[in-house]
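# Descriptive analysis of the structure
Chain by chain, the residues:
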Amino acid sequence: MSKTAAVIKGDGVGPELVDAMLKVAQAAGTAVEFVPCEAGAAWWEENGGNTLIPDETWEILESSDAGFKGPTTTPGGAGSPKSVAVSIRQKYNLYANVRPTKTFPNTNTPLGDVDFICVREGTEGMYIGEEVKLTDDVYIALRKTTRPACRNIARYAFEEAKKRGYDTVVPIHKSNILKQTCGTFLEEVEKIGKEYPDIDIWEYHIDNIAQQLIKNPQLFNKKVLLSTNLFMDVISEECSALIGSIGLVYSANIGDNYAMFEPAHGSAPKYAGEDKVNPVATILAGAWMLDYLGEKDNANAIFKATEEVISEGKYVTYDMGGSARLSEMTDAIVSKIE
């Protein structure tokens, strides 16, 4: 039987990007059945309630072999629902949010070529969204850290380093100030690290690594950068600038029994419907999903075709210094596959 993937097209530029991903996947000859479903701010604004994900979508996610999410908008303000991504990560314990950060050929690399992996704990930390009002002038945000979640993400990071032949895991923390939450995270990384004697551990404080990634980013090539939810959210965004555009950064949310794939960037509502934005992150997130579902050859074909289009530079979008439309770049990738 063919595998099934739940597909959330999302908000803003999401629908056109996901359509591009589906077009490329079909060109590669995928046998995956894509099942569309609703979620996001547009659905919520029309239907209301305390969630951005309808019950019908949860049912589709539950019965699928993997999920794909286009960019979605998360409403702000007290009382608004938590994000689609956070809800899915927490529901299925997708503890590893993974973002490869690698320079593409013939692109603008402001600080030189880089090649490393960002691994982010995806289920707790500040993203539990728990805040307390003490007085009209005092508010507290809670940061949740558990040893099991720290162990899960630490083991994933070391296994990822082992699989890729990398020699170092770089835990990013602030344990000199956050002695219990960051301290617990670091303790669990060091415990797990003892099981991988061939892999070094380089500790960095969050503020120091933010500087080092600008001063000497090549220091971290062929290494796994690892941190808690909010810290790595910020650091991985900084890392996206090192390869020239967050429109090139694809990501996966991986647990023991399920995975959800998505571009790393947001929904960019001001560009919705303009056929303008970079489709690469969405297309490659889709290719990664095909690999996860057992279609390695199809995934490799998509990665190869995308890199060739970027390398040639003829059909690339504005953020990469080109003038191609989203659809033109997508068609160029399809042509390379065919």
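Just so we're clear, the structure is a prediction, and the values are computed from it rather than from any experiment. (Residues numbered from 1 in each chain as written. Predicted model: local features only at pLDDT ≥ 70, side-chain atom pairs only at ≥ 80, totals over all residues. Heavy atoms only, no water.)

## What about the domain arrangement of the protein chain?
The domains assigned to the protein chain are domain 1 (1-90 + 257-337) and domain 2 (108-242). For domain 1 versus domain 2, the separation of C-alpha centres amounts to 25 Å. (Domains from an automatic or database assignment.)

## Side note on the side chain of Thr57
Tracing the backbone shows Thr57 in helix H3 (residues 55-63). When its relative accessible area of 2% is taken as the criterion, Thr57 is described as buried. Aside from chain neighbours lying at most four places away, what touches Thr57 is Ile8, Cys37 and Glu38. (Helix = DSSP H or I, 4+ residues; strand = E, 2+ residues; numbered from the N terminus. Buried < 20%, exposed > 50% of the residue type's maximum accessible area, 1.4 Å probe, protein only. Contact = heavy atoms within 4.5 Å.)

## Here we look at the layout of surface pockets
Any empty space left between the atoms is revealed when a probe the size of a water molecule rolls over them. Of the volumes computed, that of the largest pocket is approximately 700 Å³. Taken together, 29 residues make up the lining of the largest pocket; nearest its centre are Pro100, Arg164, Tyr250, Trp288 and Phe303. Of all the secondary-structure elements, those providing two or more residues to the lining of the largest pocket are strand S4 (96-102), strand S5 (115-121), helix H5 (147-164), strand S12 (250-254), helix H9 (280-292) and helix H10 (296-312). Residue contributions to the lining of the largest pocket peak at five residues, all from H10. For the lining of the largest pocket, the domains that each give at least three residues are domain 1 (1-90 + 257-337) and domain 2 (108-242). Forming the walls of the second largest pocket are 21 residues, and the residues nearest its centre are Gly77, Ser80, Gly129, Glu130 and Glu131. Going through the elements one at a time, strand S6 (131-135) and strand S7 (138-141) are the ones with two or more residues in the lining of the second largest pocket. Tallied by class, the residues present in the lining of the second largest pocket amount to 10 nonpolar, seven polar and four charged. Viewed by domain, the lining of the second largest pocket spans two of them, domain 1 (1-90 + 257-337) and domain 2 (108-242), each represented by three or more residues. (1 Å grid on protein atoms, 1.4 Å probe; cavity = no way out; pocket = protein on both sides within 12 Å on 5 of 7 lines; lining within 4 Å. Points joined across faces, edges and corners; volume = space filled by probe spheres on them. Nonpolar A, V, L, I, M, F, W, Y, C, P; charged D, E, K, R; others polar.)

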